[in-house]
Each structure stands twice: as structure tokens, then as C-alpha cells.
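# Structural description and commentary
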Amino acid sequence: MHAPSEAPAPARTPPGWPQRLFGRWWRRQSPARQDRYATLGPLVSVLLFLAAIISAFWYLRNEELEREQAAVKRDTEIAQQQIRLRLIENQEQLVRIAREIGTRSIDQEEFLGQAASFTRERPEINALSWIGANRVRRASYSATTFSAETGAAPERPGAAARPTEPDTAFEAARELRQPVYSQPFNDAAGEAVFQVQVPLIDRAAFAGVLVAEYSVESLVRYFVPAEVSNRHAIELLDASDRVLASTVTNVPGAGTPRVPIVHDLPLAPAGNGLFVRGRGHRTSIGLISNTLFWMVAALSVLTVWMLLGTWRHMRRRLQMQDALVSETNFRRAMENSMLTGMRAMDQEGRITYVNPAFCAMTGFLESELIGRRPPFPYWPPDRYEENTRLLQQELLGRSPAGGIEVKVMRKDGSTFDARMYVSPLIDPKGQQSGWMTSMTNITEAKRIRDQLSASHERFTTVLEGLDAAVSVLSVQQSELLFANRSYRLWFGADARGHALLAGAEEPPFVASEFGDTIESLGGLPTAELTEASSDSREVFIEPLQKWFDVRTRYLQWTDGRLAQMLIATDISARRHAENLAAHQADKAQVTSRLVTMGEMASSVAHELNQPLTAITNYCNGMVSRVRGDQIGKDDLIAALEKTARQAQRAGQIIHRIRAFVKRSEPQRQPAQAREIVEDAVELAGIELRRRNVALSTYVAQRLPTLMVDPILIEQVVLNLVKNAAEAIDNAGLPPKRRNIELRVVPRHTPEEGGVIEFTVTDSGPGLKDEVIARLYEAFFSTKTDGLGIGLSLCRSIIESHHGRIKAQNLYNGDTVTGCRFSFTLPVDATRSDALPTSHPTAVS
């Protein structure tokens, strides 16, 4: 009986609001849905009944399982308590015996008697041994045929003893001075045992141990109550969950209970990883209960199966109806939403179907196209012959698989480019009934393709006209994908040129930015490589005798492959100019030093005149006194020594000047700032004494080592000190203001980091602002006889060492009180030894 016939029944009684709401909802349902709900009602009822039965049985099963768990826990605690009490009792007796041995109340014979009595009364103990402090067995009694393992040292000298459980327990007893239980192990008979080692104390000294060896199997056999072992299996396990002894014997091939119940307790007071495990299982339920359950279950399943059969039949019928409606709606929606025009023709070329997209493209209505024969109204008049030929190919099945490109005319007379694809139209009997054609408007795509082709041609023309070599190499195949005219002119069409520019002998080459070969980069994601910045370096190509500035980066080629693009610019002329400029700079530095010495010529002559005059006076005096026999040997030797010292002084001056002006290649080497300052001050002292200018120096101690050319830095210091002395002398300042201060201290700046700062401060008239602005220009000088290359060279030298130089006036209010030149040299802060301390010196 169907549900719709029963729906009006509730109307016989005054319904409440739930009944009225349900009745209204039921009437809105279709007959198919009412049939479905009528079938699902009994099915849900049977399922709810079956769920109630299953819940009741599940509750009873859980209650039984909880009772069994409580019983297993209780029996495990009883067994653990019995074994624990036995171990504590035995430990107390062993401590008593150990105390008698420690106080020497018994000897070995008496010990053996007590041991025999002790082991007879305690079947769980296999052996009792008296071990000395040197691990030598002094006395032992064994209740078995095998003696206890004592862990004593090997008898053969030099034999390597493997640490065992008794060894570990012996060391623990020696250290803790209290009974220690060993880890379980197998004795010589393969039986699982463990030991308790009680330390022997003789006058507060460790005198050995008393070892009692327990049989694990005996502990379980004698001290687990029979009523406990009859109810549940009691096992002793080690720390690795290995069963050492059990009250039941495992039968080979016997299965385990379906619902095992276990409870574990540690074996106190052993504390050696042993634990007692009680094992039980859920007992089977009654036969009557099982039969009732399965009868109810079988009847419920049968009812559910019958209801499901009816429901599946109705569901298939509804599915077929829904599928038919959905398919019709889908096809209609697809035809209306497609942007591709569809046209169907019969075997004679008559149009039998067009979709809305085809009508929208051509501008014709469906009624204007259905049933038309060639020529079709959307054919341009000037292309009738071409379209007729293409239609004949289509009807003969000779249309290309890639489609054909045609011109289509709209109803308003405008035309557009289209591509048509033709496929046979098959009826349900498998016979061809016509042809289906799809048409796509490709006007915009064709325009973009033409623009891309023109853009590619322009881009290729630009690359071909570059003086730089441009090449693209595939990473995986080492295939040259692109090379412009300059590359082909220098390297041909060979990929080896790309490898040479990239710094490798043969492709695949070493990737400059990632430190691995390009081939090894083939399996990596391209995103990280293509987003990396370009790498630039200079490469010399031996076969061409040319220098190239090479820039490389990774990109994704048009077909998705990872590729490396390389742009190489010929910089041979620039390198030659740079080498020439460096050579000229070296010559300028030497010339500057010669000029400096030339400017100091009068001072050097005056400095050399003093020792030479002293030598002449000493020699004339000695000649006169020798002729008159008025000089003794000691006086003659003293006069000669003075003469030698003056000659040595003159030689040092000449040697220092010669070392300063000597032409040499620039060479950076580890140098100390103090030594550079001392050498510069020694040379500057000649000029300072002539101009009557005092120089004070302040060099911080424990400065880090500089990696510089010491001669060039000395030249900078000397130029700055000499310029300061000239400014003071030319200004005609009084003696109190004729002072120069040279300071060398460490500094740390956010821009440069750790640096050493050289500062030359004078009390002269200072510099004008316009002079400071042009101070480092080449050939600019404020001196009438100056060449204007000194400070320019100083700046070049400091910047070549990655340092900075600057000048500034010193003010007292608005009055200029002097000038300060300073320059910095970078250092590695990690090489500094400590904070600097002052070490002032003065030279005047």
C-alpha cells in the first residue's frame, strides 16, 4: 500500500500544529518521493530495532569485561604481594648473614653450613656465594649442579671480560653499600635467574658481597597461590617484555584469547626491571543468548534485505527518469552556453542542426540555416569556389585533422576568420548519417599571432645587431637553443663557446651561482633558479685572446625547459685601458714620493750635514793628536766609535730615503699600524725639525693587523704630516701653536664596520670651503710651486684599500683654529685582541 492513500487518514481527528505541518509538507511531495519515503519508513524502524539489540549486547559485554579486568588486577596484586614478602624476608636473612661475615663472626665452614640450611628452606634460591672485594669467590653453596655466576674477573691475565649483569650489580653494591638486585639473565643451564648482592662491610670498608641467586621459575611456581593460578595466568617478564616464567605452558599452535586482559605490576623490592603480569580473557556468553541474538539479527537482516530490494528498484526507476531529464537539460544548457559553433549536415550537404553559438557568430537565425544547401548564406561571394572545394573534401572525409581555416561572412556583410573541425556523425546503429562541424572564431588569435611574429622578428633583429654575444643553453641536454650573430662570429654554432664563457671546459658546466654543475640542476624546480639574480664575472678566452664581461642567469624556455642565458661583452679594450691606468698610477705614486723627497732636499741636506761635519771634526782632531803623540789608545778608540756612530746615522737617513723612493710593485701584506707610523715619523722628522714644528703621536695598543701596502700608507701619512707642517710654517705661527698631532685609534661605524682611523691635526689657518670642495682634484694645488697630485694620490691609495679620507676645519666659535685630515682602513673585527690602551709618544 502506498503512502499517498494513507495521507488523508489523520484528518479524521483534530490535528495539532505538528500534524498540520507534516500533512502540508507531505502533500507537496511528488508521488515518486512519497513512494520512496513509504519504503524507507519500515527500513528505518528495523534498523532502529537492530541498533537497540546490538546496544544491549554491547552493554552486557562491557560489564562482563570490567568484572574480568577487576579480577585480573586483584589476582595480580596477590601474586605480586606474595613474591614481594618472600623477597623482603630473604633479604633480611641475607643482611643478617652478611653482618656476621663482616664482623668475622663466622668462617667459611660455618658459612657453608648456614648456606646449605638457608637454601634448603628456600627452594627459590639456587645458590649462595661469598665474594671478596677482589671478586674472588671465597665460599659458595649451590642447590643445583651449576654454581652461581659471580661476575669475577677472568683468571687468565690480559683476558677481556665482557660486562655482565652480576658485574653491574657488584659495582652498584660497592658504590651504594646496600643490597642491589641484578638484571635477569640466563645461567649455565639456560634458566632465567637474577641475583641479590648484599655488601659486606668490615670496619666501614667494603669487603665483598653476599650473592643469592634466585630462580625466576621457582618464584612463580612456589609463591603464586594455586587459586590465583587456576583463575588467571601469572607471568614474570623483564624490561624488554620477554616472558621469563609463567604459571601456564604455551601450547604450540594454540591461539590467544580474542579479548586479552592484562595487568602489570613492578616486582618490588627488586627494582631491576622485572614485573608481574596477570593475564585473563573474556569468557564466552551463554548459548541461549547467542542464539537469540543471531535469530533476531537474521530476521532483521532478511527484512532489511527485502526492503532494500524494493528501495533499489524504485531508486533505479527514479534515477533513470532523473538521468533522462538531466541529460536533456545538460545538452540544452551546453548548446546554449558554448562559444564554439556547431553545425550538422547530412550526407548530401544539407544543414540539419546549428547551435545558438553558430547563429550568434554568423548573425543568421536557426530557421534561416536549417535545410539550406550549398552555397550557404555565410559564404563570402568571392570565395564560393574555394568553399565548394573544401565542402567536397569534407563530404568525402578528407578534411585535415588539424582543421581548415576559412573566411565567414556575417549577415551584415562583415567577415571574420574561423577554423573548422569536421568529424563523422554516427547514429545509434553505428551507421554514418552525416558530418558534425565545429567552428571557432580565430580573428583575435590570428591578430595576436601576427603581432607576436612581428615582435619576435624585431627582437631577433635587435639581438643580431648587438656587439655582445648572446646565447641560451638547455640545462638538461646541453643544447644550444639560441645564438646571435656576435656569438656565431666568435664561436660558431658550437655549445663549447657557451661553456668556455661560463667558466667550464665542456658542457655541462659549473653553475656560477649555486656551486653545482648545470646537469645536476636539471631535476630542481625552475622557480628558485629563474628568480635568482644574474651573475657577472670577467673571463679571458685563450683562443680569441679576448676579455669578456659575462652575465648569466637562468630562465624557462618557451617549451618549459630550464635554460641558461649568457651575455658576453668584449671588454678587451677596457681591460687594456685599466692596466695602462694602473701602470700610470704606480708611476705617479713613485713620482709623488720623488717630488716629496725633492721638496725635502734642503732639510735632508741639513740633516746629513750634521753627522758629516761631526765625522770631519773627529777625524781632524784625531790626526792632529796622533801627529803630536798626544792621544792614547782608549781615547783613539772612543773617538773612532763616535765617528762610526755618526757615519751609521748618516747611512740610516740615506737608507730610509732610498727605501721610501724605491720603485716597487704594489703588494698588500700584513702590517702593523705602529710600524707604519714610526717609519713615516722618522722621515717627516727631517722636515719638522727644519720648520721648527713639534709632532706628537698617539697609537693605540693591540691594534689588529692590517692587510695593506705599508709603503703606500706611509706615503699618505708622510704627505699629510708634511702638508700640515708647511701650513703652520707658511702662516708664521708662534712656537706655542706650531704643533701637529698624529693619532691612530680603532673605530666602529655603521657604514664601514670595524676600521682603524689615522688622524693628522694641525693648528694652522685651515682651508677655505671652495678649497675643501676641490681638494682631491688632480693638478689642483694651493701652493705656487705645487703639482696638485699629492692629495689626489692619497685619496686613490686609501680608496684602493677600501677606506675613506676626509678633511675638515676646526673651529673655536667662528674662528678657525686648525685643520684635521683623517682616513680609515677597514679591518676584520674578529682579529682584534682587546680594547686599545693609549701609548703616547712625542717627536719634535
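Below you will find a few notes about this structure. (Residues numbered from 1 in each chain as written. Predicted model: local features only at pLDDT ≥ 70, side-chain atom pairs only at ≥ 80, totals over all residues. Heavy atoms only, no water.)

Turning next to the packing of aromatic side chains. One pass over the full model with this rule turns up 13 aromatic pairs. Geometrically, the ring pair formed by Phe 376 and Tyr 378 is stacked, given 5.5 Å between the ring centres and 20 degrees between the ring planes. With a relative accessible area of 1%, Tyr 378 lands in the buried category. The interplanar angle of 75 degrees and the centroid separation of 5.2 Å between the aromatic rings of Phe 376 and Trp 379 together place this pair among those described as edge-to-face. With a relative accessible area of 1%, Phe 376 lands in the buried category. Accessibility expressed as a relative area gives 6% for Trp 379, which makes it buried. (Phe/Tyr/Trp six-rings, centres within 6.5 Å; stacked < 30°, edge-to-face > 60°. Buried < 20%, exposed > 50% of the residue type's maximum accessible area, 1.4 Å probe, protein only.)

With that settled, the discussion passes to the pattern of salt bridges. A complete count under the given rule lists 38 salt bridges for this structure. The salt bridge involving Arg 277 is made with Asp 264; its shortest N-O contact spans 2.8 Å. One end of the pair, Arg 277, is in strand S10 (residues 275-281); the other, Asp 264, is in strand S9 (residues 260-266), and 13 residues separate them in sequence. Among the residues examined, Arg 277 registers a relative accessible area of 11% and is labelled buried. With a relative accessible area of 35%, Asp 264 lands in the partly exposed category. Residue Arg 343 pairs with Glu 394 through a salt bridge whose shortest N-O separation is 3.0 Å. Placement of Arg 343 in strand S11 (residues 341-346) and of Glu 394 in helix H11 (residues 384-395) is noted, with a sequence separation of 51 residues between them. Overall, Glu 394 belongs to the buried group, its relative accessible area being 4%. Three or more residues joined by partner-sharing salt bridges are found here, namely Glu 405, Lys 407, Asp 417, Arg 419 and Lys 446. (Salt bridge = Lys/Arg side-chain N within 4 Å of Asp/Glu carboxyl O. Helix = DSSP H or I, 4+ residues; strand = E, 2+ residues; numbered from the N terminus.)

With respect to the helices and strands, Asp 238 occurs in the loop between strand S7 (233-237) and strand S8 (243-246). Residue Asp 238 is classed as buried on the basis of its relative accessible area, which comes to 7%. A distance of 2.7 Å separates a polar atom in the side chain of Asp 238 from the backbone nitrogen of Arg 242. (Polar contact = N/O pair within 3.5 Å; in protein donor to acceptor, adjacent residues only side chain to side chain.)

With that settled, the discussion passes to the sheet that holds S9. Taken together, four strands build an open sheet; the order of strands is S8-S7-S10-S9 and the sheet is antiparallel. Strands with a single pairing partner mark the edges of an open sheet, and in this sheet they are S8 and S9. The sheet shows a mean angle of 25 degrees between the axes of neighbouring strands, direction not considered. Bridging between S7 and S8 involves three bridges; their strand directions are antiparallel. Pairing of Leu 237 across the sheet is with Val 243, part of S8. Where helix H6 (residues 216-223) meets the sheet, it contacts S7 and S8, and its direction lies at approximately 30 degrees from that of S8. (Pairing = 2+ DSSP bridges. Axes fitted to C-alpha atoms, helices over the stretch in contact; angles between N-to-C directions. Contact = heavy atoms within 4.5 Å.)

Nothing here speaks to function; it is geometry throughout.
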